[in-house]
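Summary of the model geometry
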Amino acid sequence: MNGYNFAYLDEQTKRMVRRALLKAVAIPGHQVPFGGREMPLPYGWGTGGIQVTASILGSGDVLKVIDQGADDTTNAVSIRRFFARTAGVATTTRTEEASVIQTRHRIPETKLREGQIIVYQVPLPEPLSRLEPSRAEAREMHALGDYGLMHVKLYEDISRLGQVSISFDYPVMVNGRYLMSPTPIPAFDNPKLDRSPALHLFGAGREKRIYAVPPYTEVRSLDFEDHPFRATRARHECALCGARTSYLDEIVTDDRGGRMFVCSDTDYCAGRREREAAE
Amino acid sequence: MAYVAVKGGERAIDAAHAWLAEERRGDPCLPEIETAQIAAQFGRAVDRVMAEGSCHDRELAALAVKQAQGDLIEAAFLLRAYRTTLPRFAAAHPIDTDAMQVRRRISAIYKDLPGGQVLGPTYDYTHRLLDFRLAGTGSLAGAGSQEAAAPTSCAEETAAMPRVTAILAGEDLIEGDRAADAPAEIPMGDLTRAPLAFPAERDVRLQALARGDEGFLLALGYSTQRGWGGTHPFVGEIRVGEVAVEIEPPELGFAIDIGEITVTECQMVNQFKGSKTVPPQFTRGYGLCFGHGERKAMAMALVDRAMRAEELGEERTAPAQNVEFVLSHCDNIEATGFVEHLKLPHYVDFQSELETIRRMRREAEAAASPDRREAAE
């Protein structure tokens, strides 16, 4: 685009972001502060993810952008357009074809492979923020590996409700060292992070933090031996492709209790239907 | 199928933007407003956008106000997103408000003082009565004897106007101006380049407040007056006017004037009982913002002083004294983004909440049913 650098950000800013990314990859799960810039999209709408994507994107990359698992949700459309306009890179909706995937709230159903990078938009990078609002305090707790507060929260849930009540943004331990927010993905997606062959990068624009899960890193959802981690999905199959293992959106079809369940990952769903039609 | 309608899509976005443009333009029978008119006649709106947009440029701020339909936070956001793309070619010398071309200067602690009290263009002492002469394209020009002729220039322009804090400092009754005393080689923090970290020093705190939301700071400043972290303030001085901006290019070796900016400065003078190490003396709260923004500068000075509680050995009990709380929440661009992002789809997370609550209810019912059977037996 005229008047702007490739992928919007100037090269000094990209270098600063890449330095933070390298540090983040070197210390899996640790939040690295970075000099987040004001972006032409609002804070909370993916400015962190956009800065990370802008900093790693090359002209040969193929970009996929999803929000809620879908390529056609308004914010995903807006961000994909932003990069098509400012970087002129090829875009795709196919998970397998993408070299960089920017996402909000989901990890694709299709298994990610080596060499792929998935960039998460992060609203609140601090997993302890609901228990300890002061970032200065939380930082110290991370330094000391003092996560007792979070274990107590899970224990209280189990003793009061019989189970952990966190259904998304379910905290994980990365590489046995740092407690990390996997971003508001459903807990259903958490197991996909564990020993994933892809590189997972997390950008929080408003809070100005970057963190990462390098390929093949152990990512464990917090639990107890006698109360192992459980992920939930709707107990239905996809009304469009018949998938029984994918995460489903619940669509309200009328005002008399009518419901329809369909894959939240639109590319996965479309791919299954195409293959079925071909057979 | 209904399912498709739930999703957004490119056409919906394009249509929404077209509608927005139409709404912004309003009734096409009326002439399109010129940005020059906004810059000239909506001065206080433009000033606020410059302050919170953190960029001193009246024309761009006026354009932002026009583009945002007068939504000042949206306008400040437009200006911020523009300023962040600008190259940094130099750091200016600290501006010298002592040498300000003063339009307005008042002190609430001395009846008269060198340079005098200059009321200047102020809403203070106006009666807040709607002036129907301004309705439509009405004007007060030539309204006659009721309006005193506006002075075209300040009569006492040439008189020296020392800052009130300097007068107090002459008697050693107020703490020193540590920023002025500090060696120049200590680099200033810059929030726009480095992330906020705690504890935050006063340079970074003042930068955050200067860019901060007027409404938020007003409420916090107000809270200190009502006992939530009281600072016993007096308005030492408020001054509004133009100051020169100087930079010193390394290849030149001397400072050159690159233009002037309009600023409002407020120096609050606050009671202080003294501590084990510091004798009783007045302390400072400082406010400075782009443009004419007295409410903002005053609120900033109150909050600045409140945030110095720890440094001055005062008990920290109120929100305005909590540096992390104030600095993390005073930026309205961050705040509006995060509050309004709740409009984005959250149906994946909501779905997981639905499933969790259904599962919990199923399990609660299953657990409750044997009890009921027992009770029936």
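Residues numbered from 1 in each chain as written. Chains lettered and ligands numbered in written order. Predicted model: local features only at pLDDT ≥ 70, side-chain atom pairs only at ≥ 80, totals over all residues.

A few words on the overall build of chain B. Helix and strand content of chain B: 14 helices and four strands. Burial status across chain B gives 32% buried among its 377 residues. In chain B, 64% of the contacts between residues at least 6 apart in sequence involve partners at least 24 apart. (Helix = DSSP H or I, 4+ residues; strand = E, 2+ residues; numbered from the N terminus. Buried ≥ 20, exposed ≤ 12 C-beta atoms within 10 Å, placed from the backbone. Contact = placed C-beta atoms within 7 Å.)

What follows concerns the overall build of chain A. Across its full length, chain A carries six helices and twelve strands. With respect to the principal axes defined by its C-alpha atoms, chain A has extents near 60 × 55 × 35 Å. Taken over 279 residues, chain A has a buried fraction of 49%. Once local pairs closer than 6 in sequence are excluded, the contacts in chain A between residues at least 24 apart make up 61%.

This paragraph deals with the packing of helix H6 (residues 72–83) of chain B against helix H13 (residues 332–340) of chain B. Residue and element names in this part refer to chain B. Running from N to C, H6 and H13 cross one another at 110°; their axes reach a closest spacing of 10 Å. Of the possible angle classes, the one that applies to H6 and H13 is roughly perpendicular. H13 is crossed by H6, and the crossing has left-handed handedness. On H13, the residues that touch Ile73, Ala76, Phe77 and Arg80 of H6 are Asn332, Ile333 and Thr336. Classifying every residue of the contact of H6 with H13 by side-chain character gives four nonpolar, two polar and one charged. (Axes fitted to C-alpha atoms, helices over the stretch in contact; angles between N-to-C directions. Parallel < 35°, antiparallel > 145°, perpendicular 65-115°, else oblique. Left-handed = near helix turned anticlockwise from the far one by under 90°. Nonpolar A, V, L, I, M, F, W, Y, C, P; charged D, E, K, R; others polar.)

On to the interface of chain A and chain B, then. The partner chain B presents 40 residues to the 49 residues of chain A that form the contact. Considering each element in turn, the side of chain A that touches chain B owes the most residues, four residues, to helix H3 (residues 74–86) of chain A. Of the residues that constitute the side of chain A that touches chain B, the class distribution is 20 nonpolar, 18 polar and eleven charged.

What follows covers the domain arrangement of chain A. All names here are of chain A. On domain assignment, one finds that chain A holds domain 1 (11–127 + 171–221) and domain 2 (233–279). Averaged C-alpha coordinates put domain 1 and domain 2 at centres separated by 26 Å. In terms of residue class, the side of domain 1 that touches domain 2 is made up of four nonpolar, five polar and five charged. (Domains from an automatic or database assignment.)

The next thing to look at is the packing of helix H4 (residues 43–53) of chain B against helix H5 (residues 58–67) of chain B. All names here are of chain B. Packing of H4 against H5 brings their axes to within 9 Å, and their N-to-C directions diverge by 105°. Our classification of the angle between H4 and H5 gives roughly perpendicular. Residues Ala45, Val46, Val49, Met50 and Gly53 of H4 touch H5, and the partners they reach there are Arg58, Ala61, Ala62, Ala64 and Val65. Counted by class, the contact of H4 with H5 contains eight nonpolar, one polar and one charged residues.

Residue and element names in this part refer to chain A. When you tally the buried positions in strand S2 (residues 62–67), you get five out of six residues, the bulk of the element. As defined by bridge partners, S2 adjoins strand S3 (residues 90–91) across two bridges and the pair is classed as parallel. Each bridged residue has a counterpart across the sheet, and for Leu63 the counterpart in S3 is Thr91. In this fold, S2 hands off to H3, which returns the chain to S3; that crossover is right-handed. Here S2 pairs with strand S4 (residues 100–104) via five bridges, running parallel. Considered in S4, the bridge of Lys64 is made with Ile101. (Pairing = 2+ DSSP bridges. Right-handed = clockwise from strand over helix to strand, strands pointing away.)

Residue and element names in this part refer to chain B. Relative to the assigned elements, Ile238 resides in strand S2 (residues 233–247). The exposure class of Ile238 is buried, given the 23 C-beta atoms found within 10 Å. Sequence separation between Ile238 and Ala45 is 193 residues, and the spatial gap between their C-alpha atoms is 20 Å. Here Ile238 is in contact with Ile106, Thr264, Cys266, Glu294 and Ala297, once residues within four sequence places are set aside.

Glancing now at H4(B). In an α-helix, one full turn covers 3.6 residues, which means residues spaced three or four apart are oriented alike. All names here are of chain B. A large share of H4 lies buried, amounting to eight of its eleven residues. Within the sequence span of H4, burial applies to Val46, Asp47, Arg48, Val49, Met50, Ala51, Glu52 and Gly53. Ser54, located one to two residues past H4, shows a positive phi value of around 60°.

Quite often, the size of an interface is put as the accessible area lost when its parts meet. All names here are of chain B. Annotation of chain B at the domain level lists domain 1 (10–83) and domain 2 (97–123 + 155–330). Averaged C-alpha coordinates put domain 1 and domain 2 at centres separated by 29 Å. Contacts between the two partners involve nine residues from domain 1 and, on the opposite side, ten residues from domain 2. Looking at the side of domain 1 that touches domain 2 residue by residue, the class counts come to two nonpolar, three polar and four charged.

This part covers the nonpolar core. Nonpolar side chains in soluble globular proteins tend to end up buried together. In terms of nonpolar packing, the biggest core is built from 59 residues, with B:Val49, B:Ala61, B:Ala64, B:Ala75, B:Leu79, B:Met300 and B:Val303 touching the most fellow members. When residues are assigned to domains, this core turns out to be shared by domain 1 (10–83) and domain 2 (97–123 + 155–330) of chain B, each giving three or more. Beyond its immediate sequence surroundings of up to four residues, B:Met300 is in contact with B:Leu209, B:Ala210, B:Leu217, B:Gly287 and B:Cys289. With 50 residues, the next largest nonpolar core counts A:Val77, A:Val172, A:Leu193 and A:Leu201 among its residues. (Core = buried A, V, L, I, M, F, W, Y, C linked by C-beta atoms within 7 Å.)

Backbone-to-backbone hydrogen bonds pair the strands of a sheet. The strands run either parallel or antiparallel. All names here are of chain A. In space, the seven strands of this open sheet follow the order S1-S9-S8-S5-S4-S2-S3, with mixed pairing throughout. Among the strands making up the open sheet, the edge pair consists of strand S1 (32–33) and S3. Along the sheet face, helix H1 (residues 11–26) touches S1, strand S8 (199–204) and strand S9 (209–213) and points at about 45° away from the line of S9.

All names here are of chain B. On average, residues of chain B carry a pLDDT of 88, and 89% of them reach 70 or more. Across residues 1–6, where pLDDT falls below 50, the model places six contacts with residues more than four positions away in sequence or in other chains. In the predicted complex, the global pTM is 0.88; the interface-specific ipTM is 0.86. (pLDDT = per-residue confidence, 0-100.)

Our next topic: the pairing of strand S12 (residues 259–263) of chain A. Residues and elements named next belong to chain A. Judged from the five bridges that link them, strand S11 (residues 248–252) and S12 form a sheet pairing that is antiparallel. Paired with Val252 across the two strands is Arg259, which belongs to S12. Hairpin remark: S11 followed by S12, antiparallel, with six residues in the connecting loop; positive phi at Gly257, about 85°.

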